[in-house]
Amino acid sequence: MSDKKDKVAKPKKGKGMLVKAVGGVALIAAGGGGTFALVQSGMIGGGKEQAKKEDNTPKLVRKGEEDPYAPKAEGKEGEGPAEVDGEGGSEYKTSYYNFTEDFTSNLKNSSALVQISLACSTRRDGRVLMWLKKHELAIRSEILVVLADTPEEDAFTPEGKQRLQKRLTAAINKVLTNTEGFGGVDEVYFKSFLVQ
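Residues numbered from 1 in each chain as written. Predicted model: local features only at pLDDT ≥ 70, side-chain atom pairs only at ≥ 80, totals over all residues. Heavy atoms only, no water.

Observations regarding the packing of helix α4 (residues 127-134) against helix α6 (residues 158-180)
Logical step 1: α6 packs onto α4 with a crossing angle of 95 degrees between their chain directions and a minimal axis gap of 11 Å. When the axis of α4 is compared with that of α6, the two are roughly perpendicular. Along the contact surface, α4 presents Val128, Trp131, Leu132 and Lys134, while α6 presents Ile172, Leu176 and Glu180.
Logical step 2: For the contact of α4 with α6, the per-class residue count stands at five nonpolar, no polar and two charged. (Axes fitted to C-alpha atoms, helices over the stretch in contact; angles between N-to-C directions. Helix = DSSP H or I, 4+ residues; strand = E, 2+ residues; numbered from the N terminus. Parallel < 35°, antiparallel > 145°, perpendicular 65-115°, else oblique. Contact = heavy atoms within 4.5 Å. Nonpolar A, V, L, I, M, F, W, Y, C, P; charged D, E, K, R; others polar.)

Printed below as a string of structure tokens:
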């Protein structure tokens, strides 16, 4: 009988360490979860600032909606009819930008010269138009590079002119993306096209 009492009276030594280990793991998990929650809410780690930067790209403007970045109309307010959008076609408003001067360049491997007048369009908000005006010098330079790399045959066929329009659109968007982080030009239009 005395052997049974000795066995019951002895406490086990490993139980205290197990409680401490489980408690430590619980504290680490709670701290990690709390830190994760703070980072996700933006209280630490700059999460809110990054979200604001991502939202700063020009937005598509639907017909009938107000463009918060629309360029100011020249002239006095109240003069002329109000802008009216048509019912059909695209659901987005299209804005145009006219380049101030013509472009003149020689054509690739040719003595021929091309002189063009250009405009471009965007369905994005007015920031794209502001950026076109702001970076017109860099855009002009890139357009002249594209023109100088255009074969003479492309200047005489409708398919060649369409290829040139796509290359010019890509060149303009490249400059805008490099300078402002976003292109936004949808199409380039020839206002005049002369080959000599």
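Back to the write-up after that little detour.
What to know about a nonpolar patch on the surface
Logical step 1: A cluster of nonpolar side chains, Leu38, Val39, Met43 and Ile44, forms an exposed patch at the surface whose accessible area comes to about 360 Å².
Logical step 2: As for its position among the elements, valine 39 is in helix α2 (residues 15-41). (Patch = residues over 30% accessible without salt bridge, like charges linked within 9 Å, V, L, I, M, F, W, Y side chains within 5 Å. Areas by Shrake-Rupley, 256 points an atom, 1.4 Å probe, with all protein chains shown as cover. Salt bridge = Lys/Arg side-chain N within 4 Å of Asp/Glu carboxyl O.)

A few points about unusual backbone geometry
Logical step 1: Even without being a glycine, asparagine 109 presents a positive backbone phi close to 55 degrees.
Logical step 2: Mapped onto the secondary structure, asparagine 109 falls in the loop between β2 (103-106) and β3 (113-122).
Logical step 3: With relative accessibility at 78%, the residue asparagine 109 sits in the exposed group. (Buried < 20%, exposed > 50% of the residue type's maximum accessible area, 1.4 Å probe, protein only.)

Examining the packing of aromatic side chains
For any pair of aromatic rings, the description consists of the separation of the ring centres together with the inter-plane angle of the planes.
Logical step 1: Across all of its chains, the model carries four aromatic pairs by this definition.
Logical step 2: Here tyrosine 97 and phenylalanine 99 contribute two aromatic rings whose centre-to-centre distance is 5.2 Å and whose plane-to-plane angle is 85 degrees, an arrangement assigned as edge-to-face. For the pair tyrosine 97 and phenylalanine 99, a shared accessibility class is recorded, and that class is buried.
Logical step 3: Pairing phenylalanine 190 with phenylalanine 193 gives two aromatic rings, centres 4.9 Å apart and planes at 85 degrees, and the pair type is edge-to-face.
Logical step 4: Relative accessible area serves as the criterion here: at 22%, phenylalanine 193 is assigned to the partly exposed category.
Logical step 5: Taken together, the aromatic side chains of Tyr97, Phe99 and Phe103 make up a single cluster linked through ring pairs.
Logical step 6: One cation-aromatic arrangement involves arginine 140 over phenylalanine 103; the distance from NZ or CZ to the ring centre is 4.2 Å.
Logical step 7: Above the ring of phenylalanine 193, the side-chain terminus of lysine 161 is found at 4.6 Å from the ring centroid. (Phe/Tyr/Trp six-rings, centres within 6.5 Å; stacked < 30°, edge-to-face > 60°. Lys NZ or Arg CZ within 6 Å of the ring centre and 35° of its normal.)

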